[in-house]
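# Understanding the architecture of this molecule
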Amino acid sequence: MKRSTLFIFLAFLLMIPLFGPVPTAQAAGFVDVPSRALKEVNYLAEGGIANGSSATTFASEKTVTRAEAAAFIGRALQLNGTKRVTNFKDVASGNFASGYIQSAVEKGILSGYSGGRFLPYNKVTRGEMAVMLSKAFGYEFGGNLSGAAKALMTRGIAKGLEDGTFGADQPIIRADFSVFLARAINPDFRTKDTASFDKTLWVDVDDLNVRTGPSAKYAKNGSLKEGTKILAGHGVGGWIYIKSDNLIGFAHKSYLRDAETGSSNRDDVDPRLANQTIILDPGHGGNDPGAIGFGLKEKDVVLDTGLKVNELFKETPFKVYMTRTTDTYPTLSQRTSFAKSKRGNIFVSIHANASNGSGNGTETLYYSAAKSPYSADSKLLATKIQQRMVAALNLKDRGIKNRNNLHVLTRNSMPAVLAELAFIDHKKENDMLKSDYWRTAAAKAIYLGVLDYYQAKGYKVDALYETVK
């Protein structure tokens, strides 16, 4: 065999591409992301901004639709993505992007067409993408496509095409949209250094987490002590791109104070909240899987949801503890003892329901008895969480129920509730419980329900709502 023939044969066996396109790299578990977009797709996926079309594919070459663009931008800016009725006759409340579309329209980022249409499945062009991002991130662009294209190119977010044009009429694919969005969010990805820090702020919380992206989902890359002087750049939703010495990243604006006026972005946050402790209790665990439906175990669903709630509260003045953070099984008495040892002020147990496939919906349980000093507050907490879960999950409202046979409710020394997210043995609700999107929605609902409870108790919590917007 000739040496050249042998080389080709070995290359074939080893799957080395001698001809044809360069293979794609793998990003966030996706096998179809081109190398040029690898870092950016990974970044957006880490923050829950970009989702794949399946567990292993991102659909990188698929043209972005207007509905998808609304979801991408909405997640980046932490807009309210709860599915709901919109202003448009062609966007039903059940559309996956209905909440983001409505929120983006209300913010002036997107607009519809004549006849009350949004055209959610129309393809987005590069020019339209430039306008969307310019509006979303507050760039001055003169209200036209060429101005928007210039705004992105001067910032190192986008480039023109080889023919010298921006290609405003060309459709944009998901991989490229992800690249441009990631660059708009984080200057580290830009083609040139255009990050600017033009305002001085002060850290207004004991220990401020600085993250790699504008969400509690992003990794922590440092922390700053109260009173630290920082330089502030652009905002992304409720987060600000900041710099302090060699530490650069994102911090939530609620914990920063204006250096000149002395005003705080936390003026609507009650200082008493720093003395309030929340206990989160993901049910079951370890050798106790809880209810099982279609192969999905309750213990896994509620642990993931609880961890998401925990991350949200980490961005607040509250102290927060979990009865378990891994696949372990604390006994019922250990859970209540743990809550008491941490001097908890409220206790929220998280579960999924089951009823041999015959039940459906959301409910929240509490314990009320004449001898219990926590009855009224437990009922109030259950009411607030239930209202938020029903609104977020859009499932049957089974209401709040008084139960006197649940250890974590009856044996606690604080207001306590047990939230039943949905029925794990109901196919539709099981599909929701499998979904990271819906578990995140449930986590946000629990977080907001707790804030509603404290607001009803007379605490100032207004600024903390922005964490999930």
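## Examining the pattern of salt bridges
All told, the structure shown has 18 salt bridges when counted by the stated rule. Two residues, Arg36 and Asp176, come together in a salt bridge whose shortest N-O distance is 2.4 Å. Pair noted here: Arg36 is in the loop between strand E2 (30-33) and helix H2 (38-46) and Asp176 is in helix H7 (residues 174-185), with a separation of 140 residues, a long-range link. Classification of Arg36 by relative accessible area gives partly exposed; the value is 47%. The partner of Glu68 in a salt bridge is Lys62, and the shortest N-O contact between them spans 3.1 Å. Of the residues examined, Glu68 reaches a relative accessible area of 14% and is grouped as buried. Residue Lys62 is classed as partly exposed on the basis of its relative accessible area of 38%. A cluster of three or more residues bridged by salt bridges with shared partners is formed by Arg211, Glu311, Lys314 and Glu315.

## Side note on unusual backbone geometry
Located in the positive-phi region is Ala59, a residue other than glycine, with phi close to 60 degrees. Its location among the elements puts Ala59 in the loop between H2 and helix H3 (66-76). Residues other than glycine seldom take positive phi values, yet Leu119 does so here, at roughly 55 degrees. Along the chain, Leu119 turns up in the loop between helix H4 (98-106) and helix H5 (126-136).

## What to know about the packing of aromatic side chains
Throughout the structure, instances matching the rule amount to 14 aromatic pairs. Taking the centre distance of 4.9 Å and the plane angle of 90 degrees together, the rings of Tyr437 and Trp438 count as edge-to-face. For Trp438, a relative accessible area of 14% translates into the label buried. Three or more aromatic residues joined by ring pairs form one cluster here, namely Phe313, Phe318, Tyr447, Tyr453, Tyr454 and Tyr459.

## So, the packing of H5 against H7
Two elements in contact, H5 and H7, have axes whose closest approach is 11 Å; the angle formed by their N-to-C orientations is 25 degrees. Considering the angle they form, H5 stands roughly parallel to H7. Taken as a pair, H5 and H7 cross one another with a handedness that is right-handed. Contacts between H5 and H7 involve Arg126, Met129 and Leu133 from the former and Phe177, Phe180 and Leu181 from the latter. Residues of the contact of H5 with H7, tallied by class, amount to five nonpolar, no polar and one charged.

## Some details on the pairing of strand E16 (residues 397-402)
By the bridge criterion, four bridges tie strand E15 (residues 362-366) to E16 in an arrangement that is parallel. Opposite Thr362, over in E16, you have Asp397 as the bridge partner. Handedness of the β-α-β unit built from E15, helix H10 (residues 375-393) and E16 comes out right-handed.

## A closer look at the confidence of the model for the chain
On average, residues of the chain carry a pLDDT of 90, and 92% of them reach 70 or more. Taken as a whole, residues 1-26 scores under 50 in pLDDT and shows 20 contacts with residues more than four places along the chain or in a different chain.

## Points about the sheet that holds strand E13 (residues 319-322)
Neighbouring strands of a sheet are bound in pairs by backbone hydrogen bonds; such pairs are parallel or else antiparallel. The strand order across the open sheet formed by six strands is E13-E10-E14-E17-E15-E16, and the pairing between neighbours is mixed. In this open sheet, the two edge strands, each paired with only one partner strand, are E13 and E16. Across this sheet, the average inter-strand angle for adjacent strands is 20 degrees, counted without regard to direction. The pairing of E15 with strand E17 (residues 416-423) spans four bridges and is classified as antiparallel. Residue Tyr366 lies in a different strand from E17, and its bridge partner there is Val417.

## A short note on the side chain of His252
Relative to the assigned elements, His252 resides in strand E8 (residues 247-252). Judged by relative accessible area, which is 0%, His252 ranks as buried. Only 3.0 Å separates the side chain of His252 from the side chain of Ser254, close enough to count as a polar contact. Those residues in contact with His252 that lie beyond four places of it in its chain are Gly238, Trp239, Glu466 and Thr467.

## With respect to helix H8 (residues 298-313)
End to end, H8 covers 23 Å across 16 residues, agreeing with the expected 22 Å (1.5 Å per residue, within 8%). With twelve of 16 residues buried, H8 lies mostly within the body of the structure. Those residues of H8 lying buried are Glu298, Lys299, Val301, Val302, Leu303, Thr305, Gly306, Lys308, Val309, Asn310, Leu312 and Phe313.

## Observations concerning the nonpolar core
Grouped together as the largest cluster of nonpolar side chains are 65 residues, with contacts concentrated most on Val348, Ile385, Val450, Tyr454 and Leu464. The element contributing the most residues to this core is helix H13 (residues 436-456), with twelve residues. Not counting residues within four places of it along the chain, the set of residues in contact with Val348 comprises Ile279, Leu280, Asp281, Leu381, Ile385, Val417, Ile446 and Val450.

The rules we used
Residues numbered from 1 in each chain as written. Predicted model: local features only at pLDDT ≥ 70, side-chain atom pairs only at ≥ 80, totals over all residues. Heavy atoms only, no water. Salt bridge = Lys/Arg side-chain N within 4 Å of Asp/Glu carboxyl O. Helix = DSSP H or I, 4+ residues; strand = E, 2+ residues; numbered from the N terminus. Buried < 20%, exposed > 50% of the residue type's maximum accessible area, 1.4 Å probe, protein only. Phe/Tyr/Trp six-rings, centres within 6.5 Å; stacked < 30°, edge-to-face > 60°. Axes fitted to C-alpha atoms, helices over the stretch in contact; angles between N-to-C directions. Parallel < 35°, antiparallel > 145°, perpendicular 65-115°, else oblique. Left-handed = near helix turned anticlockwise from the far one by under 90°. Contact = heavy atoms within 4.5 Å. Nonpolar A, V, L, I, M, F, W, Y, C, P; charged D, E, K, R; others polar. Pairing = 2+ DSSP bridges. Right-handed = clockwise from strand over helix to strand, strands pointing away. pLDDT = per-residue confidence, 0-100. Polar contact = N/O pair within 3.5 Å; in protein donor to acceptor, adjacent residues only side chain to side chain. Expected span 1.5 Å × (residues − 1). Core = buried A, V, L, I, M, F, W, Y, C linked by side-chain atoms within 4.5 Å.

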